[in-house]
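Letter by letter, the chains look like this.
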Amino acid sequence: MRHISVGALVALTAAMAWTARTPEAGVTWRVAFVVCALLAVPAMLWAIHEVRPRFRTVLGVALLLRLLALPLAPSLSDDGHRYLFDGYLTLQGISPYTDTPREQVARGVDVPVRLRDLNSPDYHSVYPPTSQAFFAIAAWGGGEDPRRAWWGFKILLVAVELAGVWALAKALPRMMVALYAWHPLAVLEIAGQGHSEGLAIGFLSIGLAALVRRNALASGGWLALAGWSKLWPFALLAIWARAQRRVLVSALLISVALIAPILAQTSGAITSLGLYAGTFDFYSAPYAVLKSALWPLAAERSGLLASLALGLTALVASAVIAIRSHRELGTTQLTGWFIFPLILTSPTLHPWHLLPLLWFAVLIGEGRVLKPVLWLVAWSPATYLVYVGLPSLYTAAIVIGWTGAVLLASLSLIPHILEQRGRRKWTRIQRALGSGARSRLLDFGGAEGFVAAAAQAAGREAVIADIEDVRRVEIPFLRVVADRVEASPGAFEDSCLVFVLHHADRPGAVLDEARRVTRGRIIVWETTPRRWYPKPLLHLVDRITNSLRPTGHAFPSAKLRTPLEWESMFERHQLQVSMRTDWGVLHPQTFWLLTSELNSRGASFARG
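Computed from a predicted model, the values in this text were never measured in an experiment.

Caption draft 1: The arrangement of the overall build of the protein chain in detail. The helix and strand tally for the protein chain stands at 26 helices and eight strands. If one aligns the C-alpha atoms of the protein chain with their principal axes, the spans along those axes are about 100 × 55 × 50 Å. Relative to its 608 residues, the protein chain shows a buried fraction of 53%. In the protein chain, of all internal contacts separated by at least 6 residues, the share reaching a separation of at least 24 is 70%. Approximately 27200 Å² of the protein chain is accessible, and the part contributed by carbon and sulfur atoms is 62%. The average position of the 58 basic charges and that of the 41 acidic charges among the side chains of the protein chain differ by 5 Å.

Caption draft 2: Highlighting the side chain of Ser205. Residue position: Ser205 is located in helix H10 (residues 197-212). A distance of 2.7 Å separates the side chain of Ser205 from the backbone oxygen of Ile201, its partner in a polar contact. Contacts of Ser205, omitting those with residues within four sequence positions, involve Gly164, Ala167, Leu168 and Trp359.

Caption draft 3: Seen up close, the sheet that holds strand E4 (residues 484-485). Strand order in this open sheet of eight strands is E4-E3-E2-E1-E5-E6-E8-E7, and the pairing throughout is mixed. Pairing within the sheet leaves two strands with one partner each, and these edge strands are E4 and strand E7 (575-583). In the sheet, strand E1 (residues 440-444) pairs with strand E2 (residues 461-466) via five bridges, with the strands oriented parallel. Along E2, the bridge assignment pairs Phe444 with Ala465. Packing against the sheet, helix H21 (residues 414-433) makes contact with E1, strand E5 (492-498), strand E6 (518-527), E7 and strand E8 (589-596), and its axis sits at approximately 135° to E6. Of the strands in this sheet, E1, E4, E5, E6, E7 and E8 touch helix H23 (residues 507-517), which is tilted by about 150° from E6.

Caption draft 4: Fine view of the environment of Val58. Among the secondary structure elements, Val58 is positioned in helix H3 (residues 55-69). Among the residues examined, Val58 registers a relative accessible area of 0% and is labelled buried. Between the C-alpha atoms of Val58 and Thr581, which are 523 residues apart in sequence, the distance is 59 Å. Ignoring any residue separated from it by four or fewer positions in sequence, one finds Val58 in contact with Pro53, Val165, Arg174, Val177, Ala178, Ala181 and Trp182.

Caption draft 5: Spatial organisation of the environment of Leu185. On the secondary structure map, Leu185 appears in helix H9 (residues 184-192). As a C-alpha pair, Leu185 and Met16 span 169 residues in sequence and 9.8 Å in three-dimensional space. In contact with Leu185, other than residues within four places in its own chain, are Pro351, Leu355, Val377, Ser380 and Pro381.

Caption draft 6: Up close: a nonpolar patch on the surface. On the surface, Val27, Val31, Val35 and Leu39 cluster together to form a nonpolar patch covering roughly 290 Å² of accessible area. Along the chain, Val27 turns up in helix H2 (residues 27-51).

Caption draft 7: Geometry of empty space enclosed by the protein. With the rule as written, the count across this model stands at two cavities of 30 Å³ or more. Here the largest cavity defines a volume of roughly 40 Å³. Elements with a contribution of two residues or more to the lining of the largest cavity: helix H7 (146-171) and H10. No other element matches H10, which puts four residues into the lining of the largest cavity. Residues of the lining of the largest cavity, tallied by class, amount to seven nonpolar, two polar and no charged.

Caption draft 8: The nonpolar core, seen in detail. With 104 residues, the main nonpolar core has Tyr180, Trp182, Trp240 and Phe360 as its most contacted residues. A total of ten residues in this core trace back to one element, the largest contributor, which is H7. Setting aside residues no more than four positions away along its own chain, Trp240 makes contact with Leu204, Gly207, Leu208, Leu211, Ser219, Leu223, Val247 and Thr335. Judged by nonpolar contacts, the second largest core, of 26 residues, contains Ala487, Val500, Leu501 and Met569.

Caption draft 9: Structural detail: the confidence of the model for the protein chain. Of the residues in the protein chain, 91% have a pLDDT of 70 or more, and the chain-wide mean is 87. Across the protein chain, element-level confidence peaks in H9 with a mean pLDDT of 97 and bottoms out in helix H26 (residues 600-607) with 37. The model gives residues 600-608 a pLDDT under 50, and that stretch makes ten contacts with residues more than four places away or in other chains.

Caption draft 10: Spatial organisation of helix H22 (residues 450-457). Here H22 has its buried residues at Phe450, Val451, Ala452, Ala454 and Ala455. The secondary structure elements touched by the buried residues of H22 are H21, E1, E2 and E5. Where H22 terminates, the next one or two residues include Gly459, which has phi positive at roughly 110°.

Caption draft 11: The packing of aromatic side chains, seen in detail. Using the criterion set out here, one finds 23 aromatic pairs in the structure. Each ring, one from Phe55 and one from Trp166, has its centre 6.4 Å from the other, and the planes form 70°; the classification is edge-to-face. In this pair, Phe55 sits in helix H3 while Trp166 sits in helix H7, placing the two residues 111 residues apart along the sequence. Between the aromatic rings of Phe282 and Tyr387, the centroid separation amounts to 6.2 Å while the plane-to-plane angle is 10°, which identifies the pairing as stacked. Remark: Tyr387 occurs in the loop between helix H19 (367-379) and helix H20 (391-412) and Phe282 occurs in the loop between helix H14 (267-274) and helix H15 (285-298); sequence separation between them is 105 residues. Taken together, Phe33, Phe282, Tyr384, Tyr387 and Tyr394 form an aromatic cluster joined through their ring pairs. The ring of Trp29 is capped by Arg21, whose NZ or CZ atom sits 3.7 Å from the centre of that ring.

Caption draft 12: Summary view of the pattern of salt bridges. If you walk through the whole model with that rule in mind, you get 20 salt bridges. With a shortest N-O distance of 3.2 Å, Asp86 and Arg82 are connected by a salt bridge. Of this pair, Asp86 and Arg82 both sit in helix H4 (residues 79-91), four residues apart, roughly one helical turn. You'll find Asp86 and Arg82 in the same group, each marked buried. Of the charged contacts in the structure, one is a salt bridge between Arg484 and Glu513, with a shortest N-O distance of 3.3 Å. Taken together, the residues span a long stretch of sequence, with Arg484 in strand E4 and Glu513 in helix H23 at a distance of 29 residues. Among the ionic contacts, a cluster of salt bridges with common partners joins Arg460, Asp494 and Arg521.

Parameters and conventions
Residues numbered from 1 in each chain as written. Predicted model: local features only at pLDDT ≥ 70, side-chain atom pairs only at ≥ 80, totals over all residues. Heavy atoms only, no water. Helix = DSSP H or I, 4+ residues; strand = E, 2+ residues; numbered from the N terminus. Buried < 20%, exposed > 50% of the residue type's maximum accessible area, 1.4 Å probe, protein only. Contact = heavy atoms within 4.5 Å. Areas by Shrake-Rupley, 256 points an atom, 1.4 Å probe, with all protein chains shown as cover. Lys, Arg positive; Asp, Glu negative; His and termini not counted. Charge placed at Lys NZ, Arg CZ, Asp CG, Glu CD. Polar contact = N/O pair within 3.5 Å; in protein donor to acceptor, adjacent residues only side chain to side chain. Pairing = 2+ DSSP bridges. Axes fitted to C-alpha atoms, helices over the stretch in contact; angles between N-to-C directions. Patch = residues over 30% accessible without salt bridge, like charges linked within 9 Å, V, L, I, M, F, W, Y side chains within 5 Å. Salt bridge = Lys/Arg side-chain N within 4 Å of Asp/Glu carboxyl O. 1 Å grid on protein atoms, 1.4 Å probe; cavity = no way out; pocket = protein on both sides within 12 Å on 5 of 7 lines; lining within 4 Å. Points joined across faces, edges and corners; volume = space filled by probe spheres on them. Nonpolar A, V, L, I, M, F, W, Y, C, P; charged D, E, K, R; others polar. Core = buried A, V, L, I, M, F, W, Y, C linked by side-chain atoms within 4.5 Å. pLDDT = per-residue confidence, 0-100. Phe/Tyr/Trp six-rings, centres within 6.5 Å; stacked < 30°, edge-to-face > 60°. Lys NZ or Arg CZ within 6 Å of the ring centre and 35° of its normal.

Structure representation (structure tokens):
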């Protein structure tokens, strides 16, 4: 299966390259391209799973896939024509920043790239000096033949990108690196369409590897080269300089060397960059939603206000991540988390703009990040359908891509939410039991075990008992068979049943067993509707929330009771209520501290 899976990935990548025609080729070619792109992502995941690539395999397959895409002309995007136009201007000693292409041609400048091939001939160039240097080198190598210059530029681009992949593969798990290196979008947009994101990602990868090796001067230089390729990498300067201060020195020196010669010529470029705020937008659901919400209040200025609000949100989020996580996360993970909000809140997210997002997800290396990002990135090629007169499918791609990503992100957060909820539950339980207790505690029906984990962190010797082992924590486990726990009588000082009894077929038998193995106190915490009307809603919410839990365990239907009904059951099973607390309107809950009437110590405690 290893060869078949890689073969499928290679075949679909080749099919993507073959069907990536210009819009003039017609709707059929573009639809075929989108279908191949959507199929190539699961093929990539299959190949990674089957091959479990090693260092050479990651690089070898990545190179092979890029060779398949190299023959592509600028067919999905016109950016490549502008790259070469700028490069030829630089070769003639003309700054690409001073005038727009239309103004340059009107002045009689002769460039072997047609003005009508450019997608923005009336805008100044916004590509930074590192990118401009590569454009010029490609134009010099191609001479008067733009096709040869295009080949040369893409070869340089792939060389830088693969050098970055090589550096990452030395430092990160190979399977994670393959998620970027083998991804069809990375192959198509860099080796196929020649987008300069390859320079930024390549230089950043090399710089990050140098930073991990504590080579601060080198990492700062690579960061500067990346920043003057696409600008956004400069956001990382604060993180990298915090890790090693000398990063700032080399980054500034390289930046001065690159920007000083052209600083006086960049006013037009700054103006063109400003047009991105509130003018251009693509595949950005957050921007579209916020702009629509602001339209009744701000009308034509709603786009600008939406851009500013998202930008401010991104800066605040990145600052919070940097302040709160710099000690917990390593430099590699923090690099990914820090820049993440800046990409997600961008108003313009063409498919190639999502490549840094994919790269950062690989650096973070967590499933709760990877799954949503992979989904969002996978649907981005469908946005190319808008250029062949299918705007409704473009809208569908936004809805499917972003809705799916949000749902996956929400589902992936469930374990984290359950863990936080477990800590809050234990805080209430500990308050009832007393913070000084340090004896054994049984979490009866503890499922994932987050309450028990919080108890153990607080100094209790915790044990989980349940009918199935679905633990997500390293806590001892006892199996419950026919409502019986594999423990001797009085084995535990205290026990707790948190939202357990309403799922039990025989709650009375569970209470008897809890009383048998507990020589001290029993906590019962239940959902307790006071009247008939909340019950249907509470049943529905209970069914939905438990179905979302990542245990794979089927929870029985809830049998909800009022507080008085539960207390009547406690009395029948010789349990005495020592404390009761009620709260909640939408989710009415009751918390009991119980003691056994047959336990003299418990009786004393109850009287006290």
